[in-house]
Amino acid sequence: MNYYEFYEKQLSENDNEISKVGWHDIEKANKRYKFAADLIMANGGGNVLDVGCGLGIFRSYVPECDYIGVDIYPPYINLAKGIKDTSFYLGTVDSVVKEHNLEVDNYVSLGAYTIIHENITNVEKYVFEEISFMLSKAKKSVIINGFHNVVDSKDYKFYHSLDSLVKFSQKYNDTHKISLHIFSKYEFFLQFILSN
Ligand SMILES: C[S@@+](CC[C@H](N)C(=O)[O-])C[C@H]1O[C@@H](n2cnc3c(N)ncnc32)[C@H](O)[C@@H]1O
């Protein structure tokens, strides 16, 4: 199953909004959204750009923040565009931020770098380049949620190597406060807060 087939299946075969973006444990998904929102609010809020926003569900968890959603799957963006007081854009984070000249306090990515488009050959390089872009632009923080590599693998999924993620993050030690939060047995949040 390729990338588009995977998300097409999630959208057409599920009734629940959360399952439509590929999360099948609804209770855990709600905790994931809340966890990310708490990290943002504990650092003083600000506007949020949700990378891989899906249907924009996270918007309702940060109601006090201006919210921008970005996704590469057109049907999600088309459906999400109805949510009020938001902006949604189709594309990758770097293309959208550059094209619209966006000023962003907090970049957040929930599960985006888990199912990877089959055209991407060096997945880790691709993910690190996207995170580096966010880190070069974020005025306050970058929060990356993902699954690490002890999860049993299916070939179209990507599981982050915690070792290489931690090694990657160390490049930002001088400029950011970095925290790794273990969310559940196989799932983490990596948070970078820009130092003053
Ligand atoms: C598991 S879904 C989660 C959706 C949303 N973050 C949520 O938690 O409700 C992952 C989403 O990331 C999107 N995605 C994957 N790679 C992306 C990329 N490089 N840039 C933007 N969106 C991406 C997918 O199209 C999909 O909508």
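That block above? That's the structure.
The residue numbers shown here count from 1 along each chain, following its written sequence. The model is predicted, so local features are restricted to residues of pLDDT at least 70 and side-chain atom pairs to those at 80 or more, both for listing and for counting; the totals for chains, interfaces and linings are taken over all residues.

Participant: Describe the nonpolar core, naming the residues involved and giving the relevant values.
Facilitator: Core analysis: the largest hydrophobic core is formed by 47 residues, its most contacted members being A36, F58, V70, Y107, V108 and V142. Residues are defined as contacting one another if the C-beta atoms placed from their backbone atoms lie within 7 Å. With near-sequence residues (within four places) excluded, V142 lies in contact with Y107, I131, M134, L135 and F192. Think of a nonpolar core as buried Ala, Val, Leu, Ile, Met, Phe, Trp, Tyr and Cys residues chained together by C-beta atoms that fall within 7 Å. Residues with at least 20 neighbouring C-beta atoms inside 10 Å of their own are called buried, those with 12 or fewer are called exposed, and the rest are partly exposed, where every C-beta is derived from the backbone.

Participant: Could you give me a rundown of the pairing of strand β5 (residues 141-147), with the residues and numbers involved?
Facilitator: Within β5, 7 of the 7 residues are buried, which leaves the element mostly enclosed by the surrounding structure. Because side chains alternate across β5, one face comprises the buried residues S141, I143, N145 and F147, and the other comprises V142, I144 and G146, equally buried. By the bridge criterion, 5 bridges tie strand β4 (residues 106-110) to β5 in an arrangement that is parallel. Residue L110 lies in a different strand from β5, and its bridge partner there is N145. The handedness rule is simple: strands pointing away from the viewer, and a clockwise path from the first strand over the helix to the second, make the crossover right-handed. Every helix listed is a DSSP run of H or I at least four residues long, and every strand listed is a run of E at least two residues long, numbered separately from the N terminus. Remark: the β4/helix α6 (residues 123-137)/β5 crossover connection has right-handed handedness. Only strands joined by at least two bridges in the DSSP assignment are considered to pair.

Participant: Describe the site of the ligand, with residues and values.
Facilitator: Near residues are defined by distance alone, with the backbone-placed C-beta atom required to lie within 6 Å of the molecule or strand. With respect to spatial proximity, 21 residues lie near the ligand, and among them G52, G54, Y73, G111 and A112 are the closest. Grouping the constituent residues of the shell around the ligand by class yields 13 nonpolar, 6 polar and 2 charged. In this count, Pro and Cys sit with the nonpolar residues alongside Ala, Val, Leu, Ile, Met, Phe, Trp and Tyr, while Asp, Glu, Lys and Arg are called charged and the others, Gly among them, polar.

Participant: For the sheet that holds strand β2 (residues 67-71), give the residues involved together with the corresponding values.
Facilitator: Spatially, the 7 strands line up as an open sheet ordered β3-β2-β1-β4-β5-β7-β6, and their pairing is mixed. Two strands lie at the open edges of the sheet, namely β3 (86-90) and β6 (176-184), each paired on one side alone. Ignoring which end each strand starts from, the neighbouring axes of this sheet average 15° apart. As judged from the 8 bridges shared by β6 and strand β7 (residues 187-194), these two strands associate in the antiparallel manner. Only C-alpha atoms enter the line fits that serve as axes; for helices the fit covers just the stretch in contact. Angles between N-to-C directions range over 0 to 180 degrees.

Participant: Which residues make up helix α3 (residues 26-42), and what values do they have?
Facilitator: Compared with the 24 Å implied by 1.5 Å per residue over 17 residues, the 24 Å span of α3 between its first and last C-alpha is a close match. Regarding α3, the residues found buried are A29, R32, Y33, A36, A37 and I40. What you see down the axis of α3 is that its buried residues fit within an arc of 125°, all on one side. Across from the buried face of α3, at angles greater than 90 degrees, the exposed residues are E27, K34, D38 and A42. Those residues of α3 that are buried lie in contact with α2 (17-20), β1 (48-51), β4, β5, β6 and β7. Just downstream of α3 lies G44, where phi reads positive at about 90°. Here the expected length of a helix is defined as 1.5 Å per residue gap, with one fewer gap than residues. What the arc covers is the set of directions going from the helix axis to the C-beta atoms.

Participant: Can you explain the pairing of β7? Please cite residues and give values.
Facilitator: With 7 bridges joining them, β5 and β7 adopt antiparallel strand pairing. Each bridged residue has a counterpart across the sheet, and for I144 the counterpart in β7 is L190. Between the end of β6 and the start of β7, which pair antiparallel, lie 2 residues.

Participant: How would you summarise unusual backbone geometry if you had to cite specific residues and measurements?
Facilitator: Even without being a glycine, D85 presents a positive backbone phi close to 55°. Within the secondary structure, D85 is located in the loop between α4 (74-80) and β3. Of note in the backbone geometry, N101 takes a positive phi value of approximately 55° without being a glycine. Along the polypeptide, N101 turns up in the loop between α5 (93-100) and β4.

Participant: Give me the lowdown on the packing of α5 against α6, citing residues and values where you can.
Facilitator: Here α5 crosses α6 at 30°, and the two axes come no closer than 9 Å. Considering the angle they form, α5 stands roughly parallel to α6. Residue-level contacts link V93, D94 and V97 of α5 to E130, F133, M134 and K137 of α6. In this scheme, roughly parallel covers angles under 35 degrees and roughly antiparallel covers those over 145, while 65 to 115 is roughly perpendicular and the rest are oblique.

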